[in-house]
Amino acid sequence: EVQLVESGGGLVQPGGSLRLSCAAAGFIFSNYGMYWVRQAPGKGLEWVSAISLGGGTAYYEDSVKGRFTVSRDNAKNTVTLQMNTLKPEDSAMYYCAARKSCVWRALSPGEFIYWGQGTQVTVSS
């Protein structure tokens, strides 16, 4: 059974940090680009970050550059998003998603093969 399971979300004060993890199972993890996607209430999907199949290339949405870091461990089938200096506007449901290749351009949900169930991040004082 294919699974992507996110964890690590929660409530944090502005300026704080969270570390999101996504554990993959049921497919060849190293064959997929991995993405973090978020959706705030009433808003569309926003592609936050991506990491290439081997982990050598990472991409970030402009608003998170310098604050978020994506990494992956293909031996453990995990992808991680370290989020620092969090802002209220980072509040959203965060999803990990898998795509057969890793590109950074205008994307659509249909391009992604697997999705996790999401983990909620709330940044508030």
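Residues numbered from 1 in each chain as written. Predicted model: local features only at pLDDT ≥ 70, side-chain atom pairs only at ≥ 80, totals over all residues. Heavy atoms only, no water.

**Regarding unusual backbone geometry**
Phi angles above zero are rare outside glycine, and Asn77 is one such case at about 55 degrees. Given a relative accessible area of 25%, Asn77 falls into the partly exposed group. Residues other than glycine seldom take positive phi values, yet Thr85 does so here, at roughly 45 degrees. Judged by relative accessible area, Thr85 falls into the partly exposed class, the value being 45%. (Buried < 20%, exposed > 50% of the residue type's maximum accessible area, 1.4 Å probe, protein only.)

**Let's talk about the packing of aromatic side chains**
The final tally for this structure, using the stated rule, is nine aromatic pairs. Relative to Phe112, the ring of Tyr35 has its centre 4.8 Å away and its plane inclined at 90 degrees; by these criteria the two rings are edge-to-face. Of the two residues, Tyr35 is situated in strand β4 (residues 33–39) and Phe112 in the loop between β9 (92–99) and β10 (114–115); the sequence distance between them amounts to 77 residues. When sorted by exposure, Tyr35 lands in the same class as Phe112, which is buried. Aromatic rings pair up to connect Tyr35, Trp47, Tyr95, Phe112 and Trp115 into one cluster. It is Arg72 that lies over the ring of Phe29; its NZ or CZ is 4.4 Å from the centre. (Phe/Tyr/Trp six-rings, centres within 6.5 Å; stacked < 30°, edge-to-face > 60°. Helix = DSSP H or I, 4+ residues; strand = E, 2+ residues; numbered from the N terminus. Lys NZ or Arg CZ within 6 Å of the ring centre and 35° of its normal.)

**Regarding the pattern of salt bridges**
In total, this model carries six salt bridges according to the counting rule given. Between Glu111 and Arg99 there is a salt bridge, with its nearest N and O atoms 2.8 Å apart. Of this pair, Glu111 sits in the loop between β9 and β10 while Arg99 is found in strand β9, placing the two residues 12 residues apart along the sequence. Taking the shortest distance from any N to any O, the salt bridge between Glu111 and Arg105 comes out at 3.1 Å. Taken together, the salt bridges that share partners define one network made up of Arg38, Glu46, Arg67 and Asp90. (Salt bridge = Lys/Arg side-chain N within 4 Å of Asp/Glu carboxyl O.)

**Quick word on the sheet that holds strand β7 (residues 68–73)**
Pairing in this open sheet of four strands is antiparallel, and the strands run β1-β3-β8-β7 from one edge to the other. Two strands lie at the open edges of the sheet, namely β1 (3–7) and β7, each paired on one side alone. Mean inter-strand twist for the sheet, computed between neighbouring axes without regard to direction, equals 15 degrees. (Pairing = 2+ DSSP bridges. Axes fitted to C-alpha atoms, helices over the stretch in contact; angles between N-to-C directions.)

**Focus on the side chain of Thr119**
Following the sequence through the fold, Thr119 ends up in strand β11 (residues 119–123). Within polar-contact distance, the side chain of Thr119 engages the backbone nitrogen of Gly9 at 3.1 Å. Those residues in contact with Thr119 that sit more than four places away from it in its chain are Glu6, Ser7, Gly8, Gly9, Leu20, Ala92, Met93 and Tyr94. (Polar contact = N/O pair within 3.5 Å; in protein donor to acceptor, adjacent residues only side chain to side chain. Contact = heavy atoms within 4.5 Å.)

**Structural notes on the pairing of β4**
Walk down a regular strand and you will see the side chains alternate between the two sheet faces. Of all seven residues that make up β4, six are buried, and the element is covered over most of its length. With seven bridges joining them, β4 and β9 adopt antiparallel strand pairing. Counterpart to Arg38 in the pairing with β9 is Tyr94. For β4 and strand β5 (residues 45–51), the ladder comprises six bridges, and the chain directions are antiparallel. The partner of Gln39 across the bridge, within β5, is Leu45. Taking the residues between adjacent antiparallel strands as the criterion, β4 and β5 are bridged by five residues, where Gly42 takes a positive phi near 80 degrees.

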